[in-house]
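Letter by letter, the chains look like this.
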Amino acid sequence: AVVASVDEEGAEVDPFRDTLLRYAGYANEVGESFRPFIGHNGVVATYLVASTYVLADSVYQTKKVGDAENALGTNKALRNAKMATSGFDALLWQSLASVAVPGFTINRVVYFSG
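Residues numbered from 1 in each chain as written. Predicted model: local features only at pLDDT ≥ 70, side-chain atom pairs only at ≥ 80, totals over all residues. Heavy atoms only, no water.

Asks: How should the overall build of the chain be read in this particular structure?
Replies: Counting its regular elements, the chain contains 3 helices and 2 strands. If you list the helices and strands of the chain from N to C, you get β-β-α-α-α. For the chain, whose C-alpha radius of gyration is 17 Å, the value lies well above the compact-globule estimate of 13 Å for 114 residues. Each of the three principal axes of the chain carries a C-alpha extent, and together these read 60 × 35 × 20 Å. Looking at the 114 residues of the chain, the share that counts as buried comes to 31%. Each charge sign in the chain was given a centre, from 9 positive and 12 negative side chains, and these centres are 9 Å apart. (Helix = DSSP H or I, 4+ residues; strand = E, 2+ residues; numbered from the N terminus. Rg over C-alpha atoms; globule rule 2.2 N^0.38 Å. Buried < 20%, exposed > 50% of the residue type's maximum accessible area, 1.4 Å probe, protein only. Lys, Arg positive; Asp, Glu negative; His and termini not counted. Charge placed at Lys NZ, Arg CZ, Asp CG, Glu CD.)

Right, dumping it as structure tokens:
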């Protein structure tokens, strides 16, 4: 399991957003940029890396909210609603911002560049 750590100042370090792991979410952009050299299967592999990162971050954010709500003694229904909202939010925005929009944009630039 991925566990958040604490930096020198005592602030929580999110392993998916505050460490080098975050660059895994951009793997597909590198793949799209090098499509002419790595071929279709290479690009698919980079999308798998980026998508795995997005899913792992979404699960982590969901679990983090669940743990925080459990510590506060929040009732189960409200805790589950907050967890679902947090997980969906991370999944939606990470999918769009890290995979879909940049991947499509770079794909079109590479395609039209010849």
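Asks: Just checking my understanding: could you explain the nonpolar core for this structure?
Replies: Note on soluble globular proteins: their nonpolar side chains tend to be buried together. Within the largest apolar cluster, 6 residues are counted, these being Phe16, Ala50, Tyr53, Val54, Tyr60 and Val99. If you tally residues by element for this core, the top one is helix α2 (residues 35-72), at 4 residues. Apart from residues lying up to four places away in sequence, Ala50 is in contact with Ala24, Gly25, Ala27, Asn28 and Val99. (Core = buried A, V, L, I, M, F, W, Y, C linked by side-chain atoms within 4.5 Å. Contact = heavy atoms within 4.5 Å.)

Asks: Please clarify how the side chain of Ser98 should be interpreted in this entry.
Replies: By secondary structure assignment, the location of Ser98 is in helix α3 (residues 76-112). Ser98 sits in the buried class, given a relative accessible area of 4%. Those residues in contact with Ser98 that sit more than four places away from it in its chain are Gly25, Tyr26, Asn28, Glu29, Val54 and Trp93.

Asks: Sorry if this is basic, but what is going on with the packing of aromatic side chains here?
Replies: The way to describe two aromatic rings as a pair is by their centre distance and the angle between their planes. Enumeration according to the criterion identifies 5 aromatic pairs in this entry. The interplanar angle of 55° and the centroid separation of 5.9 Å between the aromatic rings of Phe16 and Tyr53 together place this pair among those described as tilted. Remark: Tyr53 occurs in helix α2 and Phe16 occurs in the loop between β2 (12-13) and α1 (27-33); sequence separation between them is 37 residues. Ring centres 6.3 Å apart and planes at 55° place the aromatic pair Phe34 and Phe37 in the tilted group. Given the relative accessible area of 43%, Phe34 is considered partly exposed. One aromatic cluster is present, formed by Phe16, Tyr53 and Tyr60 through successive ring pairs. Taking the ring centre of Tyr111 as reference, the NZ or CZ of Arg108 above it sits at 4.6 Å. (Phe/Tyr/Trp six-rings, centres within 6.5 Å; stacked < 30°, edge-to-face > 60°. Lys NZ or Arg CZ within 6 Å of the ring centre and 35° of its normal.)

Asks: Looking at this structure, how should I read the environment of Leu78?
Replies: Here Leu78 lies in helix α3. When the C-alpha positions of Leu78 and Gly103 are compared, they lie 36 Å apart, and in sequence the two are 25 residues distant.

Asks: Is there a simple way to explain the packing of α2 against α3 in this structure?
Replies: Helix-helix packing is characterised by the crossing angle of the two axes and by the distance between the axes. Orientation of α2 relative to α3, taken along the N-to-C sense of each, is 160°, at an axis distance of 8 Å. Between α2 and α3, the interaxial angle falls into the category roughly antiparallel. The chirality of how α2 crosses α3 is right-handed. Partitioned by chemical class, the residues of the contact of α2 with α3 number 13 nonpolar, 12 polar and 5 charged. (Axes fitted to C-alpha atoms, helices over the stretch in contact; angles between N-to-C directions. Parallel < 35°, antiparallel > 145°, perpendicular 65-115°, else oblique. Left-handed = near helix turned anticlockwise from the far one by under 90°. Nonpolar A, V, L, I, M, F, W, Y, C, P; charged D, E, K, R; others polar.)

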